[in-house]
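# A closer look at the structure
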Amino acid sequence: MITKSIVNFSIRVLKRYFFYSTSQKWNRKTIEEYQNRMLIKVVKHAAQNVPYYRNLFREIKFNPNEFRGRVDMHKIPLLDKEILRTRQNEFIAENADKYGINWDSTSGSTGTPLHLIIDNSTKAHKLAAVLRSYQWAGYLPWKKTFSIQSYTFDNPEDISKHYRFVNLWRFNARLLSKDTAIEVVEMINNIKPTIFIGYPFSILMLSRFAKEQGLSIHPPESIVTAGETLSEQRRKLLEDAYNCRVFDFFSLHEDVAIITECSYQTKHICEDFAYNEIVDDHGQDASTRGIGEIVGTGFYNYAMPLIRYRLGDTVEIDNEIFFCKCGRHLKVVKKIIGRQNDYIETPDGRFLGNVLEHAIDNSKGVALSQCVQDAVDHIYLNLIIDDTFNDDSKVEMEKGLRDRLGNEIKIDFKIATELEKNKSGKTPFVMYKIGHEYL
Ligand SMILES: [Zn+2]
């Protein structure tokens, strides 16, 4: 049934979709002027209505009336996830009702949920910006879409749900197993979706399970990957398995960043959605130095504004290709390096993340792999192999890992048929199961 609130929401999304269709053509000057206007508005609003910021600004003697936008952002301290998690009520605007209250929770890799309010305007903005991202990958509302991510349906036992109105079929990635995969592959072959969206690992596993059963799987025109870092290896595997283009897409529940890939495989920061900075380990500006953690300030969430929020994701930025062939002037990210909290802790106290991927990237006969730490001095690798795998492959991998991890850690190899999922249903390359929380 189409209710009045659905109609209102659709109108709101449509208005914003037209905005994003226009703003993607802006030049640098217009982008930066818009960002300044939005930052000034949100900072003033936070100073007046949000207890955390009102107190913080008083403490650090920050005058919101003198704030000029981008050039003054460094005057506001960075916001850690832990502060938001432990003091979340202080981030809710006293006039939040006015903007609409929609609760959203994110479990995160460490398992402690973060509760957020996303107001009506932000909900519509996010959907409109996401639709634009999908459109860059060839999506149009009348094309059939299949999405595999972590979903909760009204009936928790349902593995999939069809949204007739938008031609969308959703499948819950947490329930992906050999048995359910066959059901889904058959469903896909009947529907013949034009676009696949979802966790790259899950989409890849569907093709592998299908192959094992001697089934072919309908190839979409394009795949949009979301929710997991897309390594070059995995991108290549997906392209080979489905013989189509793969577009990487990055966003987060906190709605302070969207990074999306255009048809020239350039990852653009959506600067009309949020203001993003890159900082080093000390929180200093690293935007000219290549690699750093991404920090975001949302423009639209007045019910619970987040200013200079540390995402915990590292990116490598590209200063050379500033003007992409697609004609957009939105800033460019060279590589999304991934979550910092997926790591291995070595006995000598180091934390290593995706660098381990290179150690086993090119190992012979290894189709998919995962590195799991279950004790400070023990890791094991889950390996999905093909018939070219042999003893030399193990020797090669162990050497690559030892170079990075040292000799104090015990390494085991497990031949697996499935990789392990974390609590949010994702399949990280590096899994840390010891239980400390560093975020
Ligand atoms: Zn581009």
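Residues numbered from 1 in each chain as written. Predicted model: local features only at pLDDT ≥ 70, side-chain atom pairs only at ≥ 80, totals over all residues. Heavy atoms only, no water.

Looking now at the nonpolar core. One finds Tyr53 and Tyr309 to be the most contacted residues of the largest nonpolar core, which totals 74 residues. At 8 residues, helix H2 (residues 28–49) tops the list of elements feeding residues into this core. Apart from residues lying up to four places away in sequence, Tyr53 is in contact with Ala46, Leu79, Phe91, Pro305, Leu306 and Ile307. If you look at the next biggest cluster of nonpolar residues, it comprises 33 residues, including Phe146, Phe171, Ala181 and Met187. (Core = buried A, V, L, I, M, F, W, Y, C linked by side-chain atoms within 4.5 Å. Buried < 20%, exposed > 50% of the residue type's maximum accessible area, 1.4 Å probe, protein only. Helix = DSSP H or I, 4+ residues; strand = E, 2+ residues; numbered from the N terminus. Contact = heavy atoms within 4.5 Å.)

Sheet architecture is open: 4 strands sit in the order E19-E18-E17-E20, paired in mixed fashion. Across the chains shown, the open sheet's two edge strands, defined by having one partner strand only, are strand E19 (410–415) and strand E20 (430–432). Pairwise comparison of adjacent strand axes, ignoring direction, gives a mean angle of 20° for this sheet. Inspection of the sheet shows strand E17 (residues 366–375) paired to strand E18 (residues 378–385) by 8 bridges, in the antiparallel sense. Paired with Leu368 across the bridge in E18 is Ile384. (Pairing = 2+ DSSP bridges. Axes fitted to C-alpha atoms, helices over the stretch in contact; angles between N-to-C directions.)

We now examine helix H5 (residues 120–136). The terminal C-alpha atoms of H5, which comprises 17 residues, lie 25 Å apart, in line with the 24 Å expected from a rise of 1.5 Å per residue. Among all positions of H5, only Thr122, Ala124, His125, Lys126, Ala128, Ala129, Val130, Arg132, Ser133, Tyr134 and Trp136 are buried. Looking one or two places after H5, you find Gly138, whose phi comes out positive at around 105°. (Expected span 1.5 Å × (residues − 1).)

A few words on the environment of Leu381. With respect to the helices and strands, Leu381 occurs in strand E18. As a C-alpha pair, Leu381 and Val430 span 49 residues in sequence and 9.4 Å in three-dimensional space.

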